[in-house]
Amino acid sequence: MIDYLAHVASDAARIAEMGRLGLDNPVPSCPGWTVADLIAHTGVVYAHKATIVSEGWIDEQPAPIEPPDSDVLSFFEHHAAELLDVLSAADPATPAATWYPADQTVGFWRRRMAHESVIHRLDAELAHSAVTAVDAALGADGIDEILLIMMTGAPEWSKTKSTDAVVAITETDGGRSWRLRAGEFTGTSPRGNRYVAEPTFFIDTSDSAPAASITGAAGVLDAWLWGRGDLSSVTVIGDSSLVARVRAVAADSTQ
């Protein structure tokens, strides 16, 4: 079992370490941001989730706080410690408001904050050309989170269409694999936004031969899906346009 809070703690400490190396460096994976902007953002996220859990928000979420104009590193470290204290004290099964209807528990935020932390740790490291590896088990879990929770399926109000194009993604550390079938959805959201042939993927359970396959270390694949790395160290076979579509849908799904 993955110790999500241990990963939050270690990655938050690494983010702070990178901040102490310099706050003015641009973050290449977040255009327009400096390390200071990244640290302020992550501190705001930590504070927001700590408030949800500590104050027992269930049916809605509080508004996020504003970061300070200065001393963002102290702000970040304070709210990182607060988040760890709050999540450690709460039963993962405790109800809590989240943006994912299928999981409205503190446990969702434990997992989400571990992945939030590792991705922003990579951001901070990229800003200082000091990237370290993503833990294999956490990386595999990150692949699972982004594929199953964030970037597959379609809104219930839409009409969907699938294709025969399947991409297989396999992580080599533990041997987990996922199959995605390319598709699209069309419809009008409850807010009145119109979507026409919007690209998506659906989880595929067939045994048909994939049109493309991506195979590599879990941490590398997780970082690539989040736009924090490339596929130079993994094996890619088949339709390159389908591989590019996976990354494009991942990017749209995690904005």
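Here, every reference points to the structure presented above.
What counts and how
- Residues numbered from 1 in each chain as written.
- Predicted model: local features only at pLDDT ≥ 70, side-chain atom pairs only at ≥ 80, totals over all residues.
- Heavy atoms only, no water.
- Phe/Tyr/Trp six-rings, centres within 6.5 Å; stacked < 30°, edge-to-face > 60°.
- Buried < 20%, exposed > 50% of the residue type's maximum accessible area, 1.4 Å probe, protein only.
- Lys NZ or Arg CZ within 6 Å of the ring centre and 35° of its normal.
- Core = buried A, V, L, I, M, F, W, Y, C linked by side-chain atoms within 4.5 Å.
- Contact = heavy atoms within 4.5 Å.
- Helix = DSSP H or I, 4+ residues; strand = E, 2+ residues; numbered from the N terminus.
- Salt bridge = Lys/Arg side-chain N within 4 Å of Asp/Glu carboxyl O.
- Polar contact = N/O pair within 3.5 Å; in protein donor to acceptor, adjacent residues only side chain to side chain.

K.L.:
Whenever I open this one, the packing of aromatic side chains confuses me. Can you help?
P.N.:
Between two aromatic rings, the relevant description is the distance of the centres plus the angle of the planes. Evaluated as defined, the whole model comprises 8 aromatic pairs. With 6.0 Å between their ring centres and 25° between their planes, Y100 and F108 make a pair best called stacked. The exposure class assigned to Y100 is partly exposed, which follows from its relative accessible area of 23%. Here a set of aromatic residues connected by ring pairs shows up, and it is made of W99, Y100, F108 and W109. Here the guanidinium or amino end of R245 rests over the ring plane of F201, the centre of that ring lying 5.5 Å away.

K.L.:
Which parts of the structure should I look at to understand the nonpolar core?
P.N.:
Burial of nonpolar side chains together is a common tendency in soluble globular proteins. Judged by nonpolar contacts, the single largest core of 69 residues is most densely connected at Y46, L147, M151, F201 and I214. Setting aside anything within four residues of it in sequence, one finds L147 in contact with T152, I169, W178, L180 and L225.

K.L.:
Got a minute to help me understand the environment of S117 in this structure?
P.N.:
Assignment of secondary structure puts S117 in helix α4 (residues 106-127). Sequence separation between S117 and A9 is 108 residues, and the spatial gap between their C-alpha atoms is 8.7 Å. Once residues lying within four places of it in the same chain are set aside, the contact partners of S117 are V8, D11, I15 and Y46.

K.L.:
Please explain the pattern of salt bridges as it appears in this structure.
P.N.:
Close approach of charged atoms allows side chains with opposite charge to pair. Taken as a whole and assessed by the stated rule, the structure comprises 13 salt bridges. Close ionic contact of R111 with D144 constitutes a salt bridge, the shortest N to O distance being 3.2 Å. Of the two residues, R111 sits in helix α4 while D144 sits in helix α5 (residues 136-150), which places them 33 residues apart along the sequence. An identical accessibility class is assigned to R111 and D144; each is buried. A salt bridge links E116 to R112, with the nearest nitrogen and oxygen atoms 2.9 Å apart. Taken together, the residues E116 and R112, both in helix α4 and 4 residues apart, mark about one turn of the helix.

K.L.:
What am I meant to see in the environment of D173 here?
P.N.:
Along the chain, the position of D173 falls in the loop between β1 (159-171) and β2 (177-188). Ignoring any residue separated from it by four or fewer positions in sequence, one finds D173 in contact with A136, A217, A218 and G219. Polar contacts involving the side chain of D173 include one to the main-chain amide nitrogen of A218, which spans 2.6 Å.

K.L.:
What am I meant to see in the side chain of S117 here?
P.N.:
By relative accessible area, S117 is classed as buried at 0%. For S117, the side chain forms a polar contact with the side chain of Y46, separated by 2.6 Å.

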